[in-house]
Amino acid sequence: MSQNPMQNTQNLNNVLKPKVFFKTFGCRTNLFDTQIMINALKDFEVTLNEEISDIVIINSCAVTNGAESAITNYTNRLKNEGKRVYFTGCGVKMQGKALLDKGVVFAVFGHSLKENLNTLLLKNQSFYLEGDLESLDSSIIGDFVGKSRAFIKIQEGCDFACSYCIIPSLRGKARSFTQDKILTQIQKLCDKGFSEFILTGTNLGSWGKEWDSHLAKLLFRIFSIQGVKRLRIGSLEPSQINEEFLEAIQNPLFERHLHIALQHTSPFMLKLMNRQNTFENDFKLFWRLKELGFALGSDFIVGHPKESKEIWEEAYRNLQSLPLTHCHSFIYSPRSHTPSSLLKPDVPHRIAKERKQQIQTLIQKNNHKARQLYSYQKIPLKVLVEEVNETQGEVFYRGFDQFYNKVKIHSHQEITKDSWLTIPHFTAKEEENYAQI
């Protein structure tokens, strides 16, 4: 293992602070959790440059085999670089003990301990602390380091019991942050200069269940905060969308894009997966949202056991009938101790990859066609500039529009990062929208 980079920590206030680099895998909830850890540091300096760091904090994901493989490769690379490595996140129960026993990481700690990061880093002994699955963070973060948009976690955990999913056993039961805490958090980040916010959580639609409330009520309150210019929202379950929510999202501050997790479009597969949505209802919901002017995204699992050729062909026909412009498709990964993991794998990986590619090709065509229509209809794009890049002496700016499509902007006049633009004319290129202003 590496030498201790934190000798004489008693005098850290008088010497150069050890530099900490955060490597975040997985979802937007993990991005927020990383900010909570950054916020907790007092005796250490955060760096966005891994090469100069003394300490690396890995905030892990356990949703798929691919995520676990990426984390394993990353930890192996770090092993001989003389850095002290800490492991946290959803992978603690799945990978943490093995990585610690192999000496690949110095210490492991669970979600509930992230607010204690400063104290944990001051320990000179290795440790394995799983924590609990009942707690909620109390911190109000003052910044969102390295980001133009701020992620706001509004709840934790999930009460669903999807047969393929391990997340409820890693994140716990659904529990909500209070409305006052969420509004205070957003206001503080508005005061810092943030103006676009993305609500995130393990199961967003369950927010407020403890008080017989609903996500829509929270949205209405957020819209009243001065400084909020656009509100986005993470993945939603279709079964949790009600009339009040459909009314709330018509507010002009709300993005014109929704990500609704279908997971599959075969009625048989949805039942086998123990999903709460049905394709019949999903079809009606998606077309209603389309008529309200929303671009629509979803998740789709291919290669789950019993996804026969006939079932796949039915699912693909159903998928073609939906007005989808975005989709995160991924190949099924058996997760330990889930009902699906007990089923015999019967979809060859090669076939699953072909099905995944079919989905990607379909959605790419849908997306390009939708963007071409926006251009033809002369719908102005509202873009928050998130990147400034120089290529061969020319400066390009990038951000996302209200439909959650990438926009590349060329301008002879300097544009400030994190500024808002209204783009009246653009070209819908195959990969992204392009504008000259």
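Treat the numbers as computed from the prediction; the structure is a model and nothing was measured.

## Re the pattern of salt bridges
And step 1. All told, the structure shown has 27 salt bridges when counted by the stated rule.
And step 2. A salt bridge links aspartate 33 to lysine 153; the shortest N-O distance between them is 2.7 Å. One end of the pair, aspartate 33, is in helix H1 (residues 28-40); the other, lysine 153, is in strand E7 (residues 150-153), and 120 residues separate them in sequence. Just as aspartate 33 is buried, lysine 153 falls in that class too.
And step 3. In this structure, glutamate 307 and arginine 355 form a salt bridge, with 2.8 Å as the shortest nitrogen-oxygen distance. Of this pair, glutamate 307 sits in the loop between strand E13 (295-302) and helix H11 (309-320) while arginine 355 sits in helix H12 (residues 349-376), placing them 48 residues apart in sequence.

## Overview of the sheet that holds strand E17 (residues 406-410)
And step 1. Within the open sheet, the six strands sit side by side as E18-E15-E16-E17-E20-E19. Their pairing is mixed. For this open sheet the edge positions go to strand E18 (420-423) and strand E19 (427-428), each flanked by a neighbour on one side alone.

## Regarding the side chain of glutamate 68
And step 1. Following the sequence through the fold, glutamate 68 ends up in helix H2 (residues 65-78).
And step 2. Filtering out sequence-adjacent residues up to four positions away, glutamate 68 remains in contact with Cys61, Ala62, Met94, Gln95 and Arg335.

## Here's the deal with the layout of surface pockets
And step 1. Within this model, the second largest pocket holds a volume of roughly 360 Å³.
And step 2. Broken down by element, the residue count for the lining of the second largest pocket peaks at five residues, all from H12.
And step 3. In the lining of the second largest pocket, the residues fall into eleven nonpolar, five polar and two charged.

## Quick word on the packing of aromatic side chains
Each aromatic ring pair is specified by the distance between its two centres and by the angle formed by the two planes.
And step 1. This model, assessed by the stated rule, comprises 13 aromatic pairs.
And step 2. A ring pair is formed by tyrosine 86 and phenylalanine 106, whose centres lie 5.7 Å apart and whose planes are at 65°; its orientation type is edge-to-face. Residue tyrosine 86 is found in strand E4 (residues 84-89), and its partner phenylalanine 106 is found in the loop between helix H3 (92-101) and strand E5 (107-109); the two are separated by 20 residues along the sequence.
And step 3. Its relative accessible area of 0% is what places tyrosine 86 among the buried residues.

## Focus on the nonpolar core
The nonpolar side chains of a soluble globular protein tend to be buried with one another.
And step 1. In terms of nonpolar packing, the biggest core is built from 60 residues, with Phe197, Leu219, Phe245 and Leu258 touching the most fellow members.
And step 2. Here this core takes six residues from helix H7 (residues 215-223), the largest share from any one element.
And step 3. Membership of the second largest hydrophobic core comes to 18 residues, among which are Phe22, Leu117, Leu121 and Phe127.

## Considering the packing of helix H6 (residues 179-192) against H7
Two measures define how a pair of helices packs: the angle their axes make with one another and the distance between the axes.
And step 1. With their axes 11 Å apart at the nearest point, H6 and H7 run at an angle of 35° to one another. For the crossing formed where H6 meets H7, the hand is right-handed. From H6, Gln179, Ile182, Leu183 and Ile186 reach across to H7, where they touch Lys217, Leu218, Arg221 and Ile222.
And step 2. Classifying every residue of the contact of H6 with H7 by side-chain character gives five nonpolar, one polar and two charged.

## Details of H2
And step 1. Its 14 residues give H2 an end-to-end C-alpha distance of 20 Å, which sits within 8% of 20 Å, the value for a rise of 1.5 Å per residue.
And step 2. Buried within H2 we find Ala67, Glu68, Ile71, Tyr74, Thr75 and Leu78. One side of H2 holds all its buried residues, which, seen down the axis, span an arc of 125°.
And step 3. Each element contacted by the buried residues of H2 is listed here: strand E1 (19-24), strand E3 (55-60), E4 and H3.

## Regarding empty space enclosed by the protein
And step 1. Per the counting criterion, the structure on display carries four cavities of 30 Å³ or more.
And step 2. Here the largest cavity defines a volume of roughly 100 Å³.
And step 3. Every residue lining the largest cavity is listed: Gly89, Cys90, Val92, Lys93, Gly110, His111, Ser112, Glu130, Asp132, Leu133 and Leu170.
And step 4. The residue inventory of the lining of the largest cavity, partitioned by class, reads four nonpolar, four polar and three charged.
And step 5. Its boundaries defined by the atoms lining it, the second largest cavity holds a volume of some 80 Å³.
And step 6. Every residue lining the second largest cavity is listed: His111, Ser112, Lys114, Asp132, Leu133, Ser135, Leu136, Asp137, Lys153, Glu156, Arg175 and Phe177.
And step 7. Its residues assigned to classes, the lining of the second largest cavity shows three nonpolar, three polar and six charged.

The rules behind these values
Residues numbered from 1 in each chain as written. Predicted model: local features only at pLDDT ≥ 70, side-chain atom pairs only at ≥ 80, totals over all residues. Heavy atoms only, no water. Salt bridge = Lys/Arg side-chain N within 4 Å of Asp/Glu carboxyl O. Helix = DSSP H or I, 4+ residues; strand = E, 2+ residues; numbered from the N terminus. Buried < 20%, exposed > 50% of the residue type's maximum accessible area, 1.4 Å probe, protein only. Pairing = 2+ DSSP bridges. Contact = heavy atoms within 4.5 Å. 1 Å grid on protein atoms, 1.4 Å probe; cavity = no way out; pocket = protein on both sides within 12 Å on 5 of 7 lines; lining within 4 Å. Points joined across faces, edges and corners; volume = space filled by probe spheres on them. Nonpolar A, V, L, I, M, F, W, Y, C, P; charged D, E, K, R; others polar. Phe/Tyr/Trp six-rings, centres within 6.5 Å; stacked < 30°, edge-to-face > 60°. Core = buried A, V, L, I, M, F, W, Y, C linked by side-chain atoms within 4.5 Å. Axes fitted to C-alpha atoms, helices over the stretch in contact; angles between N-to-C directions. Left-handed = near helix turned anticlockwise from the far one by under 90°. Expected span 1.5 Å × (residues − 1). Arc of directions from axis to C-beta.

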